[in-house]
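Listed here are the chains, written in short residue letters.
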Amino acid sequence: MGNNVLVDAWQAVLANTRLIGANKVNELRLGVNRMVSQNIQQRANTVNVVQELGIPDIDTSIPLFWGIPVFQFTGFSAIGECNDCPFVNYNTTFQVKDDFSWTSGRHSFKFGGDTRRLRYNQVGAVVPRGRFSFSGQYTGNPIADGVLGIMNNSEGQVGAPIANFRNSYAGLYFQDTWKVSKKLTMNLGLRWEVEPPYLDKHDAIVNIDFRWDHSIPLTFVRAGEGDPYAGNPPFRLPATIPYVRDGRFGRRATQVDWNDWAPRAGLAYQLNDKTVVRASGGIYYVRDIGNAVFDVVRNAPFTIRRNEAANTLTPNLSFQRPFSITGAPTFILANTWNERTSYVSQWTFNIQREITKDMSYEIAYLGSAGNKLRRLTSYNDPRPGPGDIQGRRPFPNLGNVQVMYAPSHSTYHALQMKLTHRFSNGFTLLSSYAWSKSIDNGSGIRTTDGDTLITTDQNNLRRERGLSAFEFRHRWTSSFLLDQQLPI
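This text gives an overview of the structure that appears in the document. If you're wondering where the values come from, they're calculated on a predicted model, not measured in any experiment.

So, how was this worked out
- Residues numbered from 1 in each chain as written.
- Predicted model: local features only at pLDDT ≥ 70, side-chain atom pairs only at ≥ 80, totals over all residues.
- Heavy atoms only, no water.
- Helix = DSSP H or I, 4+ residues; strand = E, 2+ residues; numbered from the N terminus.
- Buried < 20%, exposed > 50% of the residue type's maximum accessible area, 1.4 Å probe, protein only.
- Contact = heavy atoms within 4.5 Å.
- Areas by Shrake-Rupley, 256 points an atom, 1.4 Å probe, with all protein chains shown as cover.
- Phe/Tyr/Trp six-rings, centres within 6.5 Å; stacked < 30°, edge-to-face > 60°.
- Lys NZ or Arg CZ within 6 Å of the ring centre and 35° of its normal.
- Core = buried A, V, L, I, M, F, W, Y, C linked by side-chain atoms within 4.5 Å.
- Disulfide = S-S within 2.5 Å.
- Pairing = 2+ DSSP bridges.
- Polar contact = N/O pair within 3.5 Å; in protein donor to acceptor, adjacent residues only side chain to side chain.

### Observations concerning the overall build of the protein chain
Helix and strand counts for the protein chain stand at two helices and 23 strands. The C-alpha extent of the protein chain, read off along each of the three principal axes, is 80 × 55 × 50 Å. Out of the 488 residues belonging to the protein chain, those deemed buried represent 42%. Within the protein chain, counting contacts between residues at least 6 apart in sequence, those at least 24 apart form 70% of the total. Entry remark: accessible area of the protein chain is about 25,500 Å², with carbon and sulfur atoms responsible for 56%.

Below you can see the structure in the form of structure tokens.
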């Protein structure tokens, strides 16, 4: 079923370039951009299908979430309106950037910095109308289970996850392009940057404090300090579930990493009049989009996610009673607190050769390694064995915890070739070929084609290692350019 999609964006830039003497230039830029993005199911605000079907324990108090629930039958396509909608974003970014260039003798210096302020406002819903799965585990046929209304898994959301995220970014850099000799040029640079993780304007972030060895009670931690129920969130956690607001996690989704130093170096050497050799390497930090940390506003007491598996022998979930566990979240979301910033190391070696005065050829090796990359795993899983699923969990009064952490690593190696030929009359041909291989143990935070959302075993990520979900072994692209002055 289709959705109603709206994207409305605008931006403005004010720039000033000033010459200072014969060898200095300063460039100042001020910018702002605004984006409104909406992905809303067709029956939002108009048809309350869940109420018409009489399905209990699904929150229908928010008209924006109205629509058709999702019904999944093993071996068949799902029925219903989208799982993950509506999503509504209002994002605004302010930026100030300044670059100063100074040429002195054989050196060309460049230094400067930029700062950004981001407002990331989002209303996001996952399975707000319910998602009900039928595998046939009771009758042997998923359709028959559906006719009887006995499901093997049910999901839902109570309340509205709302993020009013704010963060700032600052970066400073210095680089020197040094003409060592007529044939050799070197480039050395260093960049430092910091981007504190998001905080919520109303401290609606609720993260989870836990240990992988289950050595401490699983604790809900609201951002900030003081009354954990300040602002009157709509739900109350049972007294049996620890819930605090004692400042242990500050106000942010994760801790600030102040150690993001990024050195870079490169050189170019002219072997002869027709051949140039280049090599370079550097470190680049990866900044996650806001949606990756949005999960920490989905927790109680602001909203509750439910994800409950039925008893494998006796049906206990139905359309009359889709959830058997009440009073406690059965699906919890967390960001590990003490992770470092993800980064990529990149290096390259290139040879460029002039074949004729109008044709040149390049061959290059490009490699990179991603470090501390984010992905999802599961915590509080039931131990293997017979009997009740909840009773086999380390914390049986709670459900699964979906955790975003940073254990992943990736490698990329490529042979790249490029041919450029300038013909007469302004016509240019550019043809390039890449032979590459990309390997990782997690191709993204969210599921991509051929990748798994949750690790099979977070203690043994070698089981997840393989070709990247986005891997392309061979790629050949060609482009044409015609540069002609049209008669006026």
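### Let's talk about the packing of aromatic side chains
Counting across every chain of the model gives 24 aromatic pairs. For the pair Tyr229 and Tyr243, a centre-to-centre distance of 5.1 Å together with 70 degrees between the ring planes defines the contact as edge-to-face. A residue pair is termed long-range when its members are at least 10 positions apart, and Tyr229 in the loop between strand 12 (219-222) and strand 13 (243-244) and Tyr243 in strand 13 qualify at 14 residues. The pair Tyr229 / Tyr243 is uniform in exposure class, with both members buried. Clustering of aromatic rings is evident, with ring pairs tying together Phe71, Phe73, Phe132, Phe134 and Phe319. Seen from the ring of Tyr169, Arg116 lies directly overhead, with NZ or CZ sitting 4.0 Å from the centre. The lysine or arginine in question, Arg306, covers the ring of Phe323, its NZ or CZ lying 4.8 Å from the ring centre.

### Details of the nonpolar core
Within the largest apolar cluster, 25 residues are counted, with the highest numbers of intra-cluster contacts made by Ile208, Leu218, Phe220, Leu237, Tyr379, Val401 and Val403. Those elements that provide at least two residues to this core are strand 11 (206-209), strand 17 (331-335) and strand 20 (400-422). For this core, the leading source of residues is strand 20, giving three residues. Those residues in contact with Val403 that lie beyond four places of it in its chain are Phe210, Trp212, Ala334, Thr336, Arg375, Leu376, Thr377 and Tyr379. By size, the runner-up hydrophobic cluster in this structure holds 17 residues, among which are Tyr120, Ala163, Ala253 and Val297.

### Some details on the state of the cysteines
A complete count under the given rule lists one disulfide for this structure. The disulfide partner of Cys82 is Cys85, and the S-S distance across this bridge is 1.4 Å. Its torsion about the S-S bond being 90 degrees, the disulfide of Cys82 and Cys85 is classed as right-handed.

### Here's the deal with the sheet that holds strand 12
Backbone hydrogen bonds are what pair the strands of a sheet, in a parallel or an antiparallel way. An order of 11-12-13 is seen for the three strands of this open sheet, with the pairing classed as mixed. Where the open sheet ends on each side, the last strands, each with one partner, are strand 11 and strand 13.

### Regarding the side chain of Asn48
Among the secondary structure elements, Asn48 is positioned in the loop between strand 2 (24-41) and helix 1 (49-53). Polar side-chain contacts of Asn48 include one of 3.3 Å to the backbone nitrogen of Gln51. Non-local contacts of Asn48, meaning those with residues more than four positions away in its chain, are made with Thr60 and Trp66.

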